[in-house]
Amino acid sequence: MDKELHDIKSDLSSLRTASEVLSGIYFKDKKISLQMIQLMQEKLQKIKQLIESSAKEN
Amino acid sequence: MKKYSVLLVEDDQLTALSFLALISKQWAECECFYAKSLSEALKISQQNKIDISFIDMDLENPLEGLELIKKLKKSTYKVVLTSHEDQQTIFKSYSLGCNDFLGKPINGPILTKIINKFLLLRDEDVDQYLTQTFLTQDEVYLGQLRFINKWALSDVPLLILGPTGSGKSHLAKEIHSRGKKDESKLMHLNCAEIPEALFEGELFGYKKGAFTGATQNKKGKLEMAHEGTLFLDEIGSMPLSIQQKFLRVLEEKTFYPLGSEVSVTSNFRIICATCDNLEKLINEKKFRSDLFFRLKGEEIVIPSLGDRRADIAIIVEYFLSSNYRKIILTPQLMKKLASYSWPGNMRELFLLLNNLASLDKGILDVEDWQDGEALEEGSSTFQFESLRGDILEKGLACVMQELESKIVMEIFRENKFKVRETMRQMKMSNATFYKILGRAKV
């Protein structure tokens, strides 16, 4: 669980940095934006699955 | 061309993209390289000159990023990206050579602060860096040293001139370490140390059976310096018979090891140093003028210590604070040090300070140093009774080592710190001589 918790924290940190960049008015690169959004979706999906499996165990 | 190069080492692709977006917006002057793993990062850093690197502390394995700090060049400004905030990890990172931290999630304004700090250290504190590294505040010398980055980044041959013991090797090493070549590939060959008969084999290498005694293949310094720097110290002592062949290598970058029919290509940067007057050697037909002009891409002249006496105080302070923190020199002794001519330059000064320190006194004054030399009890005559007492107290081996050092240093001093002359007089190999010098912390 410690490893999973560490991974979730790491993913949340990564998501926060990405959202700061994407929400910045200066950032206008559409291709990179889409790539980042896709990676964000994957991370969110992974976090969702971990939360669900953890809930089932408890 | 971009002014600075940045290496990001980060295994998380989303963080990497975010970081690259932030840095390219905030710092237009930079060129970015990106590595996902330790091995990729090492490869990039070997192929490119990296000014600043941002390293994720936890790559594939926890704390793996710290391994990279040790392996990157000293001249690279190293910033660790981390979400760890424990004191132990931070202390470990700094002890390994990390310069700064950037906490995750990455924050734009803090990234800007780190970049500004790096720029400040790079551009404005250059004199401080030069003073600390070369122990000088001499304007003439500093005026030359300010070009160190230019020399380091170009491939132009460098010729370092300066009297014996003035720090030519040290300067060559610093130039190499700040350059874009592989830091581990500095091949040092002191031309004065190699007998003429062995010189060719040492420089060009040889194949097994090339001559009697060549029992196996041996790579020469030229081949080993491929993608690095070849530093030829005391170039004035290069045998005339080798000079023509070496000139051809400089022009073509290819050569044949002794006994080989297969040519070897070596892409190396050449730095030479000498205390000889090469123009005089050319007039005496001992040095080829075409080789001289080929080597003299840029000429750097290190002034003698006698020509920059104000630096003596800096050197003494540095030496004592690094080696003998509890020793103090009186102002009178400092004045005397500053008025001495120092024919052996910094090497002589370091040797004197070691000798003074061995007197085992907390405060050193002028009476501890007479006639330009450190006072050593019985420095030139050895009393049997005193020796006997020492042997019974410390053991024969220890006393013999001390005696050996004393005799060698005495003759070294008499020869005005000329290495070649001392080795020749004492019929001593260079390995033995440098071992004794090392023991005396010279």
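Preceding block: the structure.
Residues numbered from 1 in each chain as written. Chains lettered and ligands numbered in written order. Predicted model: local features only at pLDDT ≥ 70, side-chain atom pairs only at ≥ 80, totals over all residues. Heavy atoms only, no water.

**A look at the nonpolar core**
Nonpolar side chains in soluble globular proteins tend to end up buried together.
Then, in step 1: Counting residues in each nonpolar core, the largest one holds 34 residues, and the members touching the most others are Phe19, Ile23, Trp27, Ile52, Phe54, Leu102 and Leu111 of chain B.
Then, in step 2: Broken down by secondary-structure element, the contributors of at least two residues to this core are helix H1 (2-23) and helix H2 (30-57) of chain A together with strand E1 (4-9), helix H1 (13-26), strand E3 (52-56), strand E4 (77-82) and helix H5 (108-123) of chain B.
Then, in step 3: No other element matches the seven residues that H1 of chain B contributes to this core.
Then, in step 4: When residues no more than four places from it in sequence are discounted, the contact partners of Phe19 of chain B are Leu8, Phe54, Leu102, Ile106 and Leu111 of chain B.
Then, in step 5: Residues Met187, Ile194, Ile235 and Leu247 of chain B belong to the second largest nonpolar core, which totals 32 residues. (Core = buried A, V, L, I, M, F, W, Y, C linked by side-chain atoms within 4.5 Å. Buried < 20%, exposed > 50% of the residue type's maximum accessible area, 1.4 Å probe, protein only. Helix = DSSP H or I, 4+ residues; strand = E, 2+ residues; numbered from the N terminus. Contact = heavy atoms within 4.5 Å.)

**Some thoughts on the interface of chain B and chain A**
Then, in step 1: In this complex, chain B contributes 15 residues to the contact, which on the side of chain A involves 18 residues.
Then, in step 2: Counting the surface lost from both chain B and chain A, the interface buries some 1400 Å², and carbon and sulfur atoms represent 67% of this.
Then, in step 3: On the chain B side of the contact with chain A, Leu14, Leu17 and Pro105 of chain B bury the most area, a combined 40% of that side's loss.
Then, in step 4: At the junction of chain B and chain A, the tally comes to one salt bridge.
Then, in step 5: In this structure, Lys43 of chain A and Asp12 of chain B form a salt bridge, with 2.4 Å as the shortest nitrogen-oxygen distance.
Then, in step 6: The tally of links between chain B and chain A comes to four residue pairs in polar contact (both at pLDDT 80 or more).
Then, in step 7: Counting residues per element, the side of chain B that touches chain A draws most heavily on H1 of chain B, which supplies eight residues.
Then, in step 8: Tallied by class, the residues present in the side of chain B that touches chain A amount to six nonpolar, five polar and four charged. (Buried area = accessible area lost by both parts, 1.4 Å probe. Salt bridge = Lys/Arg side-chain N within 4 Å of Asp/Glu carboxyl O. Polar contact = N/O pair within 3.5 Å; in protein donor to acceptor, adjacent residues only side chain to side chain. Nonpolar A, V, L, I, M, F, W, Y, C, P; charged D, E, K, R; others polar.)

**Some points on the packing of H1 of chain A against H1 of chain B**
Then, in step 1: Two elements in contact, H1 of chain A and H1 of chain B, have axes separated by 9 Å at closest approach and are oriented at 35°. As for how H1 of chain A packs across H1 of chain B, the hand of that crossing is left-handed. Across the interface between the two elements, Ser14, Leu15, Thr17, Ala18 and Val21 of chain A from H1 of chain A touch Leu14, Thr15, Ser18, Ala21 and Leu22 of chain B from H1 of chain B.
Then, in step 2: For the contact of H1 of chain A with H1 of chain B, a count of residues per class yields six nonpolar, four polar and no charged. (Axes fitted to C-alpha atoms, helices over the stretch in contact; angles between N-to-C directions. Left-handed = near helix turned anticlockwise from the far one by under 90°.)

**Section: the environment of His188 of chain B**
Residue and element names in this part refer to chain B.
Then, in step 1: Within the element layout of this structure, His188 appears in strand E7 (residues 186-190).
Then, in step 2: With relative accessibility at 33%, the residue His188 sits in the partly exposed group.
Then, in step 3: The sequence separation of His188 and Arg269 amounts to 81 residues, and the corresponding C-alpha distance is 12 Å.
Then, in step 4: Filtering out sequence-adjacent residues up to four positions away, His188 remains in contact with Ser169, Lys221, Phe231 and Asp233.

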